[in-house]
Amino acid sequence: MKLSVENIVKINAYVGSLFIFLLIFKEVSPAYSLIFLALYTLSAYKDFKKPLNINRTFINIIGVLFVILLVLRINPDNIVQPSVETLLVLLGLKLLEEKTFRDYMQIYLLIILLFAGYTILSTSMVFLLYLLILIFFINASVILLTYFQQNKEIELVVDIIKRILIKTAVIPLLSIPFTIFLFFTLPRSNYPFLNFLQGKGKATTGFSQDVKLGDVSNIQEDNSVVMRVSGENIGEIYLRGLTWNYFDGKQWMSKDLFSAVKARRLFGKKYEYTVYLEPHSEVYLFTVEYPYAISQISGYFINPRMDKTYVVDKPIFNKIKYSGISFINDRYYEELRSTDEYLQLPKLNESIVKLANDLKGNDEEETAKNIEKFLKSYTYSLQNLSVSQDPIYDFLFVKKQGNCEYFASSMVILLRLNGIAARLLGGYKTSTYNQTANYYIVKQKDAHVWVEAYINKHWIRFDPTPAVRNVIIEREKKLNRLKLWLDTINYYYTTFIVNYDFSKQVELFNKVKKSFSNIKDFKKIDFKFNKNYLIFTIVLLLIGYLTSLSVKYLKQPYEKRLLNILNKRLKKYGYERKENEGLEEFISRVENTELKQKLLTFARELESYVYKDKKLSKADYERLKKMIEKL
């Protein structure tokens, strides 16, 4: 089968355009996706089915209009997405034109620019795989374009095309070690100067200063990763994010707190950990309860709040890392001058007031436990949540089911009605621990809301949500062992690649320098290394080895491949071909008459190509391979 270089280059342009669209379509608006698909379909019809006469000037005018629209849409808070959407439309318009060498180069440039936009919008480890694919694709495309420039009518057989692609793949393969060298050696800035491109998007954590009842349920059905917490496995952990102290009957808010803290003391088991937080476009940090201190974050200023939460000075648009020290407990001591901010109540139904009075105990802690026990008898559900004008009454007396927001909100209200200061906490609760890499994986569905009650100068944690929530989540964990293993790779990518900064470069340089300075004394060489480096090196070597095997195998002529398959097949029957032994000479040693006859038939068929200098086609190779499989 032969293909003209013109058709090969044309198909290549469409494949590359479709590849980049599939990467970014989740990040662009549906309208722009539909425009691109319409242009792509029309272009394919014009190029492969029926030529259409479309004026180039008209196409250019449409392109200019979309660029003007980009200028009108763009703003400091949102740069990347409008730019990517406009580039996508320009790519569709470029496909629609009659294409010369220059046009194909522009198509490849647009694909590269769109991929650059994707790298800003996405921080997934899969980016590395897509990057490798793009490198090989662009390299092969440019090589094919050189043929196109010389003579687009040249026809190439499929085998020749394969050989061109395999041989040109050597160029990016040779560049990978050099690229890795540059990654480790080029100086890095601690200032994330491209963060301004990200813009202020919607918070992926789902938490904000104001949260309506039912809002958290939207993210409790999301399976995406929020953060990974590296540290000792201590069972279930609470990750504190923010507090709410004001309730208007439907919505919780974080009002400014004025109560001065006279004294505070944490106690419990000391716990050290490191958080690898995904971008969430909000200012909140998450800490294991109860936080004592956290480390500084490069490029951010951390502000510790009075309610034992932490915020930074600007939204988080890139993956960040910080370490923390906490004390594991369900309470901590704090002496406040006033608790007025934690006793506020909206106008409530008299039935709620009566219920609060019925649950009153002999002291404040007993009252809190009575309320918690009462609420745990209700049903946990993410469906059919109360959205009436009085959602708390509806939850307590009508539906008697809801998610953690309803349970925690009801408990805070019932506590306050009994004169007990209380507040609502938002964050995550998880026990999912990756034993392979020693870290907790925290997902959106782990989002949780709980309660803190101020009793006897202690903030005490209460969690009135029924235990069935944990049962549901545990059941889902057992079905996701493979995903947990894959997340291990993502974790190492984050810890090794994303967090490799200037300080680590200096550290690595010092280790190398120390090793060389002690080379005379072998015993003094420091063999300690980060296990992440080891795993990365092993994976890199494995990829290189598998790639070399693949290239070596694909370069073998069909005749040699068939003989290798035959030798392996006959080895199972106890026949091993000697080095430099002819095929028919080898077959003459086979005692089984039926097998010997089949082998002779195969040998003569193969020899009819080899001895007559006839080239084996792919179809011939597959046919002879089936003959071997039937032996």
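Quick caveat: nothing in here was measured; it's all calculated off a predicted structure.

(A) Main features of the overall build of the protein chain. Helices and strands together make up the secondary structure of the protein chain, namely 21 helices and 23 strands. In the protein chain, buried positions account for 45% of the 631 residues. Only carbon and sulfur atoms are counted for the fraction: they give 59% of the accessible area of the protein chain, which is about 33,500 Å².

(B) Quick look at the pattern of salt bridges. Scanning the model with the defined rule gives 28 salt bridges in all. Close ionic contact of Arg331 with Asp330 constitutes a salt bridge, the shortest N to O distance being 3.1 Å. Residue classification places Arg331 among the partly exposed positions, given a relative accessible area of 23%. With its nearest N and O atoms 4.0 Å apart, the salt bridge here joins Glu365 to Lys369. You can see Glu365 and its partner Lys369 sitting in helix H11 (residues 364–375), four residues apart, about one turn around the helix. Classification of Lys369 by relative accessible area gives partly exposed; the value is 46%. Taken together, the salt bridges that share partners define one network made up of Arg240, Glu289, Arg423, Glu452 and Arg461.

(C) Just the nonpolar core, in detail. By size, the foremost hydrophobic cluster in this structure holds 68 residues, and its most contacted members are Met227, Val229, Leu239, Leu277, Leu285, Leu415 and Tyr428. The greatest single-element share of this core, amounting to nine residues, is contributed by helix H13 (residues 404–417). Grouped together as the second largest cluster of nonpolar side chains are 36 residues, Val9, Tyr108, Ile138 and Leu156 included.

(D) Highlighting the environment of Ser141. Positionally, Ser141 belongs in helix H6 (residues 126–150). The exposure class assigned to Ser141 is buried, which follows from its relative accessible area of 0%. Along the primary structure Ser141 and Gly16 are separated by 125 residues, whereas in three dimensions their C-alpha atoms are 9.3 Å apart. Once you skip the residues sitting within four places of it in the chain, Ser141 turns out to touch Asn12 and Tyr108.

(E) Structural context of the sheet that holds strand E5 (residues 237–244). The seven strands are arranged E8-E16-E23-E22-E19-E5-E11 in an open sheet whose pairing can be described as antiparallel. Strands with a single pairing partner mark the edges of an open sheet, and in this sheet they are strand E8 (261–265) and strand E11 (287–288). Direction of pairing for strand E22 (residues 447–455) relative to strand E23 (residues 458–462): antiparallel, over a ladder of five bridges. Pairing of Ile455 across the sheet is with His458, part of E23. Strand contacts of H13: strand E19 (422–430), E22 and E23, with the helix running at about 15° to E22, the strand carrying the most contacts.

(F) Structural context of H13. The terminal C-alpha atoms of H13 lie 20 Å apart, and with 14 residues this matches the ideal 20 Å at 1.5 Å per residue to within 8%. Just downstream of H13, Gly419 is the residue with a positive phi angle, here 80°.

(G) View of unusual backbone geometry. Put simply, Glu289 and Tyr290 share a cis peptide bond, and its omega is -5°. Following the sequence through the fold, Tyr290 ends up in the loop between E11 and strand E12 (291–294). Phi angles above zero are rare outside glycine, and Asn456 is one such case at about 50°. By the secondary structure assignment, Asn456 is in the loop between E22 and E23. At Lys457, a position not held by glycine, the phi torsion is positive, near 65°. On the secondary structure map, Lys457 appears in the loop between E22 and E23.

(H) Representation of the pairing of E22. Judged by how many residues are buried, E22 sits mostly within the fold: nine of nine residues are covered. Between E22 and E23, which follow one another and run antiparallel, lie two residues, and Asn456 among them has a positive phi close to 50°.

(I) Spatial organisation of empty space enclosed by the protein. The full count for this structure, using the stated rule, is one cavity of 30 Å³ or more. For the largest cavity, the calculated volume is near 40 Å³. Contributing to the lining of the largest cavity are Val211, Lys212, Leu213, Trp244, Trp252, Glu405, Ser409, Leu424 and Val449. Secondary-structure elements contributing two or more residues to the lining of the largest cavity are strand E3 (210–212) and H13. Here the lining of the largest cavity is built from residues that sort into six nonpolar, one polar and two charged.

(J) Examining the environment of Tyr310 more closely. With respect to the helices and strands, the residue Tyr310 is situated in strand E14 (residues 310–312). The spatial distance from the C-alpha of Tyr310 to the C-alpha of Val283 is 8.6 Å, given a sequence separation of 27 residues. Residues within four places of Tyr310 in sequence aside, it is in contact with Val283, Tyr284, Leu285, Thr287, Pro291, Tyr292, Ala293, Ile294, Ile302, Asn303 and Pro304.

(K) Molecular detail of the sheet that holds strand E9 (residues 269–277). Spatial strand order, E12-E15-E9-E4-E21-E20: six strands in an open sheet with antiparallel pairing. Each having just a single partner strand, E12 and strand E20 (433–434) make up the two edges of the open sheet. With nine bridges connecting them, E9 and strand E15 (residues 320–328) associate as antiparallel partners. Opposite Lys270, over in E15, you have Phe327 as the bridge partner.

(L) Highlighting H11. An ideal rise of 1.5 Å per residue puts 16 Å on 12 residues; H11 measures up with 17 Å between its terminal C-alpha atoms. Looking only at H11, the buried set comprises Thr367, Ala368, Ile371, Glu372 and Leu375. Down the axis, H11 shows its buried residues gathered within 135° of arc, on one side only. On its buried side, H11 packs onto helix H12 (391–399), H13, E22 and E23. The N-capping residue of H11, defined by a side-chain oxygen 3.2 Å from the backbone nitrogen of Glu365, is Asp363.

(M) A look at the side chain of Asn329. Among the structural elements, Asn329 can be located in the loop between E15 and strand E16 (331–336). Of note is the side chain of Asn329, whose polar atom sits 3.0 Å from the backbone oxygen of Phe267. Setting aside its immediate chain neighbours within four residues, Asn329 contacts Phe267, Gly268, Glu289, Tyr290 and Arg461.

(N) Just the packing of aromatic side chains, in detail. Applying the stated rule across the entire model yields 25 aromatic pairs. Taking the centre distance of 5.1 Å and the plane angle of 35° together, the rings of Tyr393 and Phe397 count as tilted. Residue Tyr393 and its partner Phe397 are located together in helix H12, separated by four residues, close to a single helical turn. Taking the relative accessible area as the measure of exposure, Phe397 reaches 32% and is therefore partly exposed.

(O) Highlighting the packing of H12 against H13. Contact geometry of H12 with H13 gives a least axis separation of 10 Å together with a crossing angle of 100°. It follows that H12 is roughly perpendicular to H13 by the angle criterion. Every residue of H13 that contacts H12 at Pro391, Ile392, Phe395 and Leu396 is listed here: Tyr406, Phe407, Ser409, Ser410 and Ile413. Across the contact of H12 with H13, the residue classes break down as seven nonpolar, two polar and no charged.

Calculation rules
Residues numbered from 1 in each chain as written. Predicted model: local features only at pLDDT ≥ 70, side-chain atom pairs only at ≥ 80, totals over all residues. Heavy atoms only, no water. Helix = DSSP H or I, 4+ residues; strand = E, 2+ residues; numbered from the N terminus. Buried < 20%, exposed > 50% of the residue type's maximum accessible area, 1.4 Å probe, protein only. Areas by Shrake-Rupley, 256 points an atom, 1.4 Å probe, with all protein chains shown as cover. Salt bridge = Lys/Arg side-chain N within 4 Å of Asp/Glu carboxyl O. Core = buried A, V, L, I, M, F, W, Y, C linked by side-chain atoms within 4.5 Å. Contact = heavy atoms within 4.5 Å. Pairing = 2+ DSSP bridges. Axes fitted to C-alpha atoms, helices over the stretch in contact; angles between N-to-C directions. Expected span 1.5 Å × (residues − 1). 1 Å grid on protein atoms, 1.4 Å probe; cavity = no way out; pocket = protein on both sides within 12 Å on 5 of 7 lines; lining within 4 Å. Points joined across faces, edges and corners; volume = space filled by probe spheres on them. Nonpolar A, V, L, I, M, F, W, Y, C, P; charged D, E, K, R; others polar. Arc of directions from axis to C-beta. Polar contact = N/O pair within 3.5 Å; in protein donor to acceptor, adjacent residues only side chain to side chain. Phe/Tyr/Trp six-rings, centres within 6.5 Å; stacked < 30°, edge-to-face > 60°. Parallel < 35°, antiparallel > 145°, perpendicular 65-115°, else oblique.

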